[in-house]
Amino acid sequence: MTPVPQTNLIPASTPNQTKLKLYGGVKTRTPMVQWYLEELGIAYDYISLNISAGENLKPEYLVINPMGKVPAILDGNLKLWESGAILLYLAEKYQKKPTLLDESAQVT
Ligand SMILES: N[C@@H](CCC(=O)N[C@@H](CS)C(=O)NCC(=O)O)C(=O)O
C-alpha cells in the first residue's frame with residue numbers, strides 16, 4: 001500500500017465521509033493493525049510517519065494520539081491508539097468478535 005503524503009494528517013473533509021486512517025511507521029506494531037484491516041477487507045489510508053525523524057511527536061500527530069505512539073487510527077471522529085484496543089474495536093465494529101464469553105476469552 002502506498003503511503004499518503006504527510007502534509008495533512010487530518011483530512012479536511014468531513015471525517016465521517018472519509019476512509020479510516022491508519023497512522024504507523026516502519027519497525028513498529030503497525031503491521032498487526034494493517035494485517036487485520038486487510039483481513040477484514042476495509043478500505044483505509046495508510047499514513048506512514050517517520051519515527052526516526054520524530055514525526056510522531058509533531059503537534060499535528062499529537063492531535064491524533066497525545067501519547068505520540070503508533071499505531072493509531074482515525075475512524076470518523078474516533079481517534080484510537082494501542083494496537084490491542086484497535087484490533088478489538090475493529091473486531092466489534094465488523095462483528096468478528098465472539099459473543100460468548102468463553103469464546104471471547106480465547107481471542108482477547
Ligand atoms: N502498547 C502500544 C505500544 C505503542 C508503541 O510503543 N509504539 C512505538 C512503536 S512500536 C512507538 O510509537 N514509538 C515511537 C516513540 O516512542 O517515539 C501498542 O501496542 O500500540
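The structure presented is a predicted model; accordingly, all values stated were derived computationally and were not measured.

1. As for the packing of aromatic side chains
Aromatic ring pairs: the centre-centre distance and the angle between the two ring planes describe each pair.
Then, number 1: Following the criterion strictly, the structure yields 2 aromatic pairs and no others.
Then, number 2: The interplanar angle of 55 degrees and the centroid separation of 5.7 Å between the aromatic rings of Tyr23 and Tyr61 together place this pair among those described as tilted. Placement of Tyr23 in strand β1 (residues 20-24) and of Tyr61 in helix α2 (residues 59-62) is noted, with a sequence separation of 38 residues between them.
Then, number 3: On the accessibility criterion, Tyr23 (0% relative accessible area) is buried.
Then, number 4: Judged by relative accessible area, Tyr61 falls into the buried class, the value being 0%.

2. Some thoughts on helix α1 (residues 30-40)
Then, number 1: For α1, the complete set of buried residues consists of Thr30, Val33, Gln34, Tyr36, Leu37 and Leu40. Along the axis of α1, the buried residues cluster in a sector spanning 160 degrees; they form a single face. Across from the buried face of α1, at angles greater than 90 degrees, the exposed residues are Trp35 and Glu39.
Then, number 2: Buried residues belonging to α1 abut β1, β2 (44-48), β3 (72-75) and α3 (83-93).
Then, number 3: At the exit of α1 stands Gly41, carrying a positive phi of roughly 75 degrees.

3. Focus: the nonpolar core
The nonpolar side chains of soluble globular proteins are, as a tendency, buried together.
Then, number 1: Residues Leu22, Val33, Leu37, Ile73 and Leu90 are the most contacted members of the largest nonpolar core, which totals 14 residues.
Then, number 2: Put simply, the parts of the chain that give this core at least two residues each are β1, α1, β2 and α3.
Then, number 3: Looking at this core element by element, the count peaks at 4 residues for α1.
Then, number 4: Setting aside anything within four residues of it in sequence, one finds Ile73 in contact with Leu20, Lys21, Leu22, Tyr23, Val33, Leu78, Lys79, Leu80, Ile86 and Tyr89.
Then, number 5: In this structure, Tyr23, Ile47, Tyr61 and Ile64 belong to the second largest nonpolar core, which totals 8 residues.

4. Remarks on the pattern of salt bridges
Side-chain pairs of opposite charge can arise whenever the charged atoms involved come near each other.
Then, number 1: Scanning the model with the defined rule gives 4 salt bridges in all.
Then, number 2: Residues joined in a network through salt bridges with shared partners are Lys19, Lys21 and Asp45.

5. Remarks on the pairing of β2
Then, number 1: Of all 5 residues in β2, 5 are buried, a share of seventy percent or more.
Then, number 2: After leaving β1, the chain enters α1 and then returns to the sheet as β2, a path that is right-handed.

6. Structural notes on the sheet that holds β3
Then, number 1: Spatial ordering of the open sheet is given by β2-β1-β3-β4, a layout of 4 strands whose pairing is mixed. The open sheet is flanked by β2 and β4 (78-81), the only strands paired with a single partner. Ignoring strand direction, the axes of neighbouring strands in this sheet form an average angle of 20 degrees.
Then, number 2: Here β1 runs beside β2; their pairing, made up of 5 bridges, is parallel. Opposite Gly24, over in β2, you have Ser48 as the bridge partner.
Then, number 3: Strands β1, β3 and β4 of the sheet are contacted by α3, whose axis makes an angle of about 130 degrees with β4.

What counts, and at which threshold
Residues numbered from 1 in each chain as written. Predicted model: local features only at pLDDT ≥ 70, side-chain atom pairs only at ≥ 80, totals over all residues. Heavy atoms only, no water. Phe/Tyr/Trp six-rings, centres within 6.5 Å; stacked < 30°, edge-to-face > 60°. Helix = DSSP H or I, 4+ residues; strand = E, 2+ residues; numbered from the N terminus. Buried < 20%, exposed > 50% of the residue type's maximum accessible area, 1.4 Å probe, protein only. Arc of directions from axis to C-beta. Contact = heavy atoms within 4.5 Å. Core = buried A, V, L, I, M, F, W, Y, C linked by side-chain atoms within 4.5 Å. Salt bridge = Lys/Arg side-chain N within 4 Å of Asp/Glu carboxyl O. Right-handed = clockwise from strand over helix to strand, strands pointing away. Pairing = 2+ DSSP bridges. Axes fitted to C-alpha atoms, helices over the stretch in contact; angles between N-to-C directions.

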